[in-house]
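# A look at the structure
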Amino acid sequence: MIKVKINGQEQSWDGDPDLPLLWFLRDEAGLTGTKYGCGQALCGACTVIVDKEAVRACITSVKDVSGREVTTIEGLHPNGDHPVQKAWRQVNVPQCGFCQAGQIMQAAALLMDNPKPSHDQIREAMSGNICRCGCYQRIENAVHLASTGV
Amino acid sequence: MNFIDNPRKLRGFEKHVRVEKISRRSILKGLGVTGGFVLAAPVMSRQALAYETGAGKMPHGVVVDPRVFVSVAPDGIVTIIGHRSEMGTGVRTSLPLIVAEEMEADWSRVKVQQAHGDEVKFGNQDTDGSRSTRHYLIPMRQIGAAARTMLEQAAAKRWGVPATEVKAVNHEVVHSASGRKLGFGELAADAAKESVPAIEGLKLKDPKDFRYLTKGQVGIVDLHDITTGKARYGADVRLPGMKYAVIARPPVTGGTLVSFDPDAALKVPGVEKVMKVQGWPWPSKFQPLGGVAVIARNTGAAIKGRDALKLVWDDGANAKYDSVAYRKELEEASRKPGLVVRKEGDADAALKGADKVIVGEYYIPHLAHVSMEPPVAVADVKGDKAEIWAPVQSPGGTRDDVAKTLGIPEGNVTVNVTLLGGGFGRKSKCDFALEAALLSKELGAPVKVQWTREDDIHNGFLHTVSVERIEAGLDKSGKVIAWRHRSVAPSIASTFAAGTVHQAPFEIGMGLADMPFEIANISCENPEAAAHTRIGWFRSVSNIPRAFAVQSMVGEIAQATGRDQKDMLLELIGSPRIVKPAVKDLWNYGEPQDSYPIDTARLRKVVELVAEKGEWGRKVPKGHGLGIAVHRSFVSYIATIVEVAVDDKGKLTVPRVDTAIDCGTYVNPERIASQIEGAAIMGLSLAKYGEISFKDGKVQQKNFDDFQVVRIDESPVVTNVYIVPPGPDTPPSGVGEPGVPPFAPALINAIFAATGKRIRSLPIGKQLEA
């Protein structure tokens, strides 16, 4: 039995310990905010925060997060008012929106690590997250806005 | 075979391809099934409004009925139906916003409800062809005005005053003479009893009184849900007892399953069942390819189970499809005369007599859509009833196809439209929903079919592959006197009819036969090309290769004659005029020529605007270059200037992009900018990396590592968007797609300016490193 804390709630899993965290979150725990985009850690749509680090849930197994704390988009802020979320809305970032949970989690992790990233640092830190709609200019601006106060 | 002459043979094709001359519509409309008033096409009478659109010719045409689209609750909440699919353009916000504007509803008290697939009730729902605003601006205004009028009539009756004395203002109706007011909620029950006013008598708002339209102040309705993970896409639908499925499909288009061994898959924890999926022979429109499904308690187990399957396929007739060999075929075909689709003057003679002939042969390979949400659908089939939840661009077509596939009446099928995690044309094909329906029927349980990214790339409906060969003949003064453009590419029609070797009229009308230059001798030709995989619509469709070729050729002519690219472009466009190509039934995106002519004044205007705002001719650092391109598509006009920087090692960066768009009358400039910014990224992706190639009939790429798209660290530093202010009666035109086509040629022209290297084959790949 694997125990993992997700958004502050203890969850347990007695199935395949190698099950990717992504599918545990989405199909078993019903937390569908974390998205599947590639399954190979190439696109970042499944980004969640484990302890204080952004990880790709598609290549992280449930047993890898045993005893650790996982934060998904649903748990980032109780009212959805994390500075990154607010900045995202202020800049009108999303088009289709599908990649945005992963983008937001990646940006939130970046700001925990580096509260005032430069534009180059934002571009570097966010380069693992693909947006096929091409919202990059706004993503960059929103991360910058979140870092300077929304 | 010309499929346009055989529409009955291609039922369904008629419905989904933007082909003119569809008569089935008027019959369906005459049935008046909703009980509301269903308009005869065309919707807009020229007396009342300044333009007509092709909306009435779309399957099931347009329904203008406030009782279908608007409801007002006693608490004042106004619910407006969004009947088009939201894939990122903002349409789920902008169409209801038009209704709210016209009915004087307060947007903060409006809820948007997504329509299920029902074209008899809602009118056409095919969200493609950059058509939503252009077909629905006026109908949505009429719906809003009709609802407003009903509320006003109800208030006037309540007060016993003439309706002319009352006025709806911001969610209430006021009688200014007496100072009385009633909220929309208080009037809801009475207003519902009012008869729906005739469209001809409706008074639309003066645009100067607009509160929302053209202002760009309203965020998309799903913004909060998207940023908090609550937005529901197709993949997010969960039903009690739902099973999770992934499917192993034939690796070669048209291949079939010979045998399979499920034993190892069944040993994977969480896997419950392995079963065959019915397939259809190629081509068969959007019907499933067939294969073997692994059913599990979660998607992860299903994927792991599929990896363990032992499968034997018969690869079928396309087993030898090889992109290297196929390219040679296309190139050879482009060097010989082909079916002439436009002829003006005598291009052959003029080319022979020309002082100089410039030849460009341009290649663009297959592309995959790779929307961030791969295809996915949930189906729950019980007896002769089916319910579908899916991110589909064509809810009506999906309903139709599910009914046919299961052999049940269309009325027994409910298609719930979720948000689409990107579409780009891929989700106009509902094969994934059909797969889910077939599996659910057999399992007797709800099932979700999830495509992996590899599935999306291996088994999609790809953008065509093409060779575009242009020969331009110049006289002694450097004036272009002859133009021969041969376009060779497998047609989308090949996905509907075996043996198709020519482009369909709607493809010929995308930048080939509608070429706007003022040249005396023109020949546009379409040599034969057979398809060996499923070809489908991809955002901007044939405009991508055509604009790449035509606008690169402009750069080549400027290069050969030592002229400025922009001056050369304006010279070729020529005088401000209406271009009427010598083409029988030119497609024109399904729009009437009178309202949507090919207007070179507008084409010139976007070039001049982008040149001014984008500071064409500005001094750029060493290693940088500027390129320009313009293209009319989806009846909009767009010009782009790209600045590139290429370093000593051939590394390409894009410091700045400027784009001017004339999309006529518009609704939300903020979303227009967003679409154009995104189009630059998609244009850069396809130019830099975009290539799906085949060997032994199989796609060679598999995921985002070998089918790359642009990431944030290589995206343009800044993209500026300029929108041409429309005239008072300029019809609305497309926004979602037109931004893509001019990007690649502007980029390529910029690369030439920076490096002296002329790239004629996409993707750029490592060509700059050589």
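Now for a look at the structure at hand. (Residues numbered from 1 in each chain as written. Chains lettered and ligands numbered in written order. Predicted model: local features only at pLDDT ≥ 70, side-chain atom pairs only at ≥ 80, totals over all residues. Heavy atoms only, no water.)

### Digging into the overall build of chain A
Assigned secondary structure in chain A consists of five helices and five strands. Scanning chain A from its N terminus toward the C terminus, one meets helices and strands in the order β-β-α-β-β-β-α-α-α-α. Here the C-alpha radius of gyration of chain A, 15 Å, is about what a compact globule of 150 residues would show, namely 15 Å. On the principal axes, the C-alpha backbone points of chain A span a range of 45 × 25 × 25 Å. In chain A, which comprises 150 residues, the share counted as buried stands at 63%. Long-range contacts, defined here as pairs at least 24 residues apart, represent 57% of the contacts in chain A between residues at least 6 apart. Surface summary for chain A: the accessible area is close to 5,400 Å², and the carbon and sulfur share equals 44%. Between the mean site of the 14 positive side-chain charges and the mean site of the 16 negative ones, chain A shows a separation of 7 Å. (Helix = DSSP H or I, 4+ residues; strand = E, 2+ residues; numbered from the N terminus. Rg over C-alpha atoms; globule rule 2.2 N^0.38 Å. Buried < 20%, exposed > 50% of the residue type's maximum accessible area, 1.4 Å probe, protein only. Contact = heavy atoms within 4.5 Å. Areas by Shrake-Rupley, 256 points an atom, 1.4 Å probe, with all protein chains shown as cover. Lys, Arg positive; Asp, Glu negative; His and termini not counted. Charge placed at Lys NZ, Arg CZ, Asp CG, Glu CD.)

### Let's talk about the overall build of chain B
Tallying secondary structure elements over chain B gives 21 helices and 28 strands in all. Projected onto the principal axes, the alpha-carbon positions of chain B cover approximately 80 × 70 × 50 Å. Looking at chain B as a whole, 66% of its 770 residues are labelled buried. The contacts in chain B between residues at least 6 apart in sequence include a share of 78% that link residues at least 24 apart. In the form shown here, chain B has an accessible surface area of approximately 26,300 Å², with 52% of it arising from carbon and sulfur atoms.

### What to know about the sheet that holds strand β7 (residues 243–248) of chain B
The pairing of strands in a sheet happens through backbone hydrogen bonds and is either parallel or antiparallel. Residues and elements named next belong to chain B. The sheet built from seven strands is open, its strands ordered β9-β10-β7-β17-β14-β15-β16 with mixed pairing. The open sheet terminates on both sides in strands that have one partner only, identified here as β9 (271–277) and β16 (413–417). Shown here is a sheet whose adjacent strand axes are inclined to one another by a mean of 25 degrees, direction ignored. Inspection of the sheet shows strand β15 (residues 385–390) paired to β16 by five bridges, in the parallel sense. Following the sheet pairing, I388 is matched in β16 by V415. (Pairing = 2+ DSSP bridges. Axes fitted to C-alpha atoms, helices over the stretch in contact; angles between N-to-C directions.)

### Looking at the interface of chain A and chain B
Across the boundary between the two partners, chain A contributes 48 residues, which contact 66 residues of chain B. Between chain A and chain B, the buried area comes to about 4,700 Å², and carbon and sulfur atoms account for 54% of it. Of the charged contacts, one joins A:R138 and B:E670 as a salt bridge, the two residues approaching to 2.5 Å between their closest N and O atoms. The tally of links from chain A across to chain B stands at 33 residue pairs in polar contact (both at pLDDT 80 or more). Counting only elements with at least two residues in the side of chain A that touches chain B, the list comes to α1 (21–28), α2 (83–90), α3 (100–113) and α5 (136–148) of chain A. (Buried area = accessible area lost by both parts, 1.4 Å probe. Salt bridge = Lys/Arg side-chain N within 4 Å of Asp/Glu carboxyl O. Polar contact = N/O pair within 3.5 Å; in protein donor to acceptor, adjacent residues only side chain to side chain.)

### Remarks on the packing of helix α17 (residues 543–561) of chain B against helix α21 (residues 743–755) of chain B
Residue and element names in this part refer to chain B. Running from amino to carboxyl end, α17 crosses α21 at an angle of 25 degrees, the nearest separation of the two axes being 8 Å. Considering the angle they form, α17 stands roughly parallel to α21. Two packed elements cross with a definite hand, and for α17 against α21 that hand is right-handed. Contacts from A547, F548, Q551, S552, G555 and Q559 in α17 reach A744, P745, I748, N749 and F752 in α21. Grouping the constituent residues of the contact of α17 with α21 by class yields six nonpolar, five polar and no charged. (Parallel < 35°, antiparallel > 145°, perpendicular 65-115°, else oblique. Left-handed = near helix turned anticlockwise from the far one by under 90°. Nonpolar A, V, L, I, M, F, W, Y, C, P; charged D, E, K, R; others polar.)

### Considerations on the sheet that holds strand β2 (residues 9–13) of chain A
Residue and element names in this part refer to chain A. The strand order across the open sheet formed by five strands is β2-β1-β5-β3-β4, and the pairing between neighbours is mixed. Of all the strands in the sheet, the pair left with one neighbour each is β2 and β4 (53–56). Strand-to-strand twist of the sheet, defined as the mean angle between neighbouring strand axes without regard to direction, takes the value 40 degrees. Alignment of strand β1 (residues 2–6) against β2, held across five bridges, turns out to be antiparallel. Paired with I6 across the strands is Q9, a residue of β2. Sheet contacts for α1: β1, β2, β3 (47–50) and β5 (69–71); angle to β2, the most-contacted strand, approximately 105 degrees. Lying on the sheet, α3 is in contact with β3, β4 and β5; it crosses β3 at an angle near 35 degrees.

### With respect to the pairing of strand β3 (residues 110–114) of chain B
Residue and element names in this part refer to chain B. Residues of β3 alternate between two faces, with V110, V112 and Q114 buried on one and K111 and Q113 left unburied on the opposite face. In the sheet, strand β2 (residues 78–82) pairs with β3 via five bridges, with the strands oriented parallel. Opposite V78, over in β3, you have V110 as the bridge partner.

### A short note on the nonpolar core
With 141 residues, the main nonpolar core has A:I139, B:W483, B:F517, B:I557, B:L747 and B:I764 as its most contacted residues. With 98 residues, the next largest nonpolar core counts B:V99, B:I295, B:A403 and B:V541 among its residues. (Core = buried A, V, L, I, M, F, W, Y, C linked by side-chain atoms within 4.5 Å.)

### Re the environment of B:F694
Residue and element names in this part refer to chain B. Structurally, F694 can be placed in strand β26 (residues 694–695). Considering only alpha carbons, one finds F694 and K320, 374 residues apart in sequence, at a separation of 8.9 Å. The contacts of F694, once residues within four sequence positions are left out, are Y321, D322, S323, H366, L462, T533, V699 and Q700.

### Points about the state of the cysteines
Note on terminology: disulfide describes a covalent bond linking the sulfur atoms of two cysteines. All names here are of chain A. Summed over the entire model, instances satisfying the criterion amount to zero disulfides over all chains. Distance from the sulfur of C135, which forms no disulfide, to the nearest cysteine sulfur (C131) is 3.7 Å. Its relative accessible area of 2% is what places C135 among the buried residues. (Disulfide = S-S within 2.5 Å.)

### Considering unusual backbone geometry
Residue and element names in this part refer to chain B. Looking along the chain, the bond that leaves W282 and enters P283 is cis, with omega of -5 degrees. Looking at the secondary structure, you find P283 in the loop between β9 and β10 (291–296). Here the residue pair L762 and P763 is connected by a cis peptide bond, since its omega of 0 degrees sits within 30 degrees of zero. Among the structural elements, P763 can be located in the segment after α21. If you check the backbone angles, V370 has positive phi at about 35 degrees while not being a glycine. Turning to its location among the elements, V370 is positioned in the loop between β13 (356–364) and β14 (376–382).

### Quick word on the environment of B:A482
Residues and elements named next belong to chain B. For A482, the location among the structural elements is in strand β19 (residues 480–488). Of the residues examined, A482 reaches a relative accessible area of 0% and is grouped as buried. In this structure the C-alpha to C-alpha distance between A482 and L747, which are 265 residues apart in sequence, comes to 26 Å. Setting aside chain neighbours within four positions, we find A482 in contact with A347, A350, L351, E471, A472, G473, I519 and N521.

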